[in-house]
Amino acid sequence: MKKQKVLITGASKGIGLAIAKKLQDKYCLILHSSKDENIKECREGNFVLAADFSNQEELKTFCKTLKEQHGDELYAIINNAGIALDKPISFQPEKDIDKMMMVNLKAPIMISKTAFKIFGLKNKGVILNISSCIAESGNAFQSVYAATKAGLIAFSKSLAKEAGVLNHEHQIRVLSLSPGLIESEMTQTIPQDYLDKYLSMVPAQRMGKAEEIASTVRFLLSEEASYINGTNINVNGGLL
Ligand SMILES: NC(=O)c1ccc[n+]([C@@H]2O[C@H](COP(=O)([O-])OP(=O)(O)OC[C@H]3O[C@@H](n4cnc5c(N)ncnc54)[C@H](OP(=O)(O)O)[C@@H]3O)[C@@H](O)[C@H]2O)c1
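Now for a quick tour of the structure. Please read these numbers as outputs of a predicted model, since none were measured by experiment. (Residues numbered from 1 in each chain as written. Predicted model: local features only at pLDDT ≥ 70, side-chain atom pairs only at ≥ 80, totals over all residues. Heavy atoms only, no water.)

1. A short note on the site of the ligand
Around the ligand lies a shell of 31 residues, among which Ser12, Ser34, Asn80, Tyr145 and Ser184 are the nearest. Within the backbone of phenylalanine 53, one N or O atom sits 3.0 Å away from a nitrogen atom of the ligand. With respect to the ligand, the backbone of glycine 180 contributes an N or O atom lying 3.5 Å from an oxygen atom. Computed on the free molecule, the ligand has an accessible area of 890 Å², of which 92% lies beneath the protein chains in the complex. Of all the secondary structure elements, the ones that give two or more residues to the shell around the ligand are helix H1 (14-23), strand S2 (28-33) and helix H5 (143-166). For the shell around the ligand, the residue count by class is 13 nonpolar, 14 polar and four charged. (Near = heavy atom within 4 Å. Polar contact = N/O pair within 3.5 Å; in protein donor to acceptor, adjacent residues only side chain to side chain. Areas by Shrake-Rupley, 256 points an atom, 1.4 Å probe, with all protein chains shown as cover. Helix = DSSP H or I, 4+ residues; strand = E, 2+ residues; numbered from the N terminus. Nonpolar A, V, L, I, M, F, W, Y, C, P; charged D, E, K, R; others polar.)

If you want it as C-alpha cells, here you go:
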C-alpha cells in the first residue's frame, strides 16, 4: 500500500529533523527547509520542498506546489519551522518583527489554508502547529515570538471548530503542540543564568530532547489519537 504523505516544515535540523526520523518508516515525507541543500538527512524515498517563509512569493509558490504535486496523498502537515529573534521590544527592528510574523505565524496559516482545502475534499487529515510554552507563560525579550506562538494556538483551536461546522462527519483534526525548553540550535545560546532559572521550574531539572517531541507527534498523527482535537498539547517535562 502507498504511504500517506506528511509535510514537515523546518525539517533540516532540531525538532523538525527528529520528527522526520521518527515518521520516516510510516509515512512518505515532504521535507521543508529554507534551502534545498539544508536537508541533509532522510532524503531517500521522500520529497524536498524548499522555501524561505519570510518571502511572500516563495511562500505562495510553496503552497501552490504542495497542492499540485502532493495534494492527492497528503495526510498531515506539521508546521514546525520557526525563528526566535529575541530583543527588548524598544530595540526590536521592524524587519525582525515582520520576519517572525511571516515565518512563525503567516506561513503556518497559509499552509494550513492550503491543507484545509485538500483535507476538506477527502474529509480527512491532520494539521499540527508547533507552538511554545512561552505562548502561555510569556517571557521577557520574547514578546513578539510569544505573540506569534500564542496566535498559533488560537488559530488551531478555531480551525478545529471550523472543520466541525463545515461537516460533522469529517475526520479532520487541528492541534497545536507546545514544547518546553528543548535541546536544539535555537536554545544553544541561552544564557546560563536563564537556563538555571528555567530548569529549577522543571521537576526533572533537565531540558527536553527533540526525540521526545517527535514521539508525541507520531502518536498525535496516529489513529490512536483520533479523539484528540482542537487543543494544545504541552510537552514540557511538567514545567511549573
Ligand atoms: N527548541 C526549543 O526549546 C523550542 C521550544 C518551544 C518551541 N520551539 C519551536 O519548535 C520549532 C522548531 O524549533 P527548533 O528548536 O528545532 O529550531 P531550529 O533548530 O532553529 O530549527 C528551525 C527550523 O526552522 C527553519 N527555518 C528558520 N527560518 C526559516 C525561514 N525563514 N523559512 C523557512 N524555514 C525556516 C530552519 O530551516 P533552515 O535553517 O534549514 O532554513 C529549521 O529547519 C520552532 O517553531 C520553535 O519555535 C522550540
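Read on for the rest.
2. Things to note about the packing of H1 against helix H7 (residues 210-221)
To characterise two packed helices, one gives the angle between the axes of the helices and the distance between these axes. The interhelical angle for the contact between H1 and H7, taken along N-to-C directions, is 50 degrees, at an axis separation of 8 Å. It follows from the interaxial angle that H1 and H7 lie oblique. Handedness of the crossing formed by H1 with H7: right-handed. Across the interface between the two elements, Gly14, Ile15, Ala18, Ile19, Lys22 and Leu23 from H1 touch Ala210, Glu211, Ile213, Ala214, Ser215, Val217, Arg218 and Leu221 from H7. A breakdown of the residues in the contact of H1 with H7 according to their chemical character gives nine nonpolar, two polar and three charged. (Axes fitted to C-alpha atoms, helices over the stretch in contact; angles between N-to-C directions. Parallel < 35°, antiparallel > 145°, perpendicular 65-115°, else oblique. Left-handed = near helix turned anticlockwise from the far one by under 90°. Contact = heavy atoms within 4.5 Å.)

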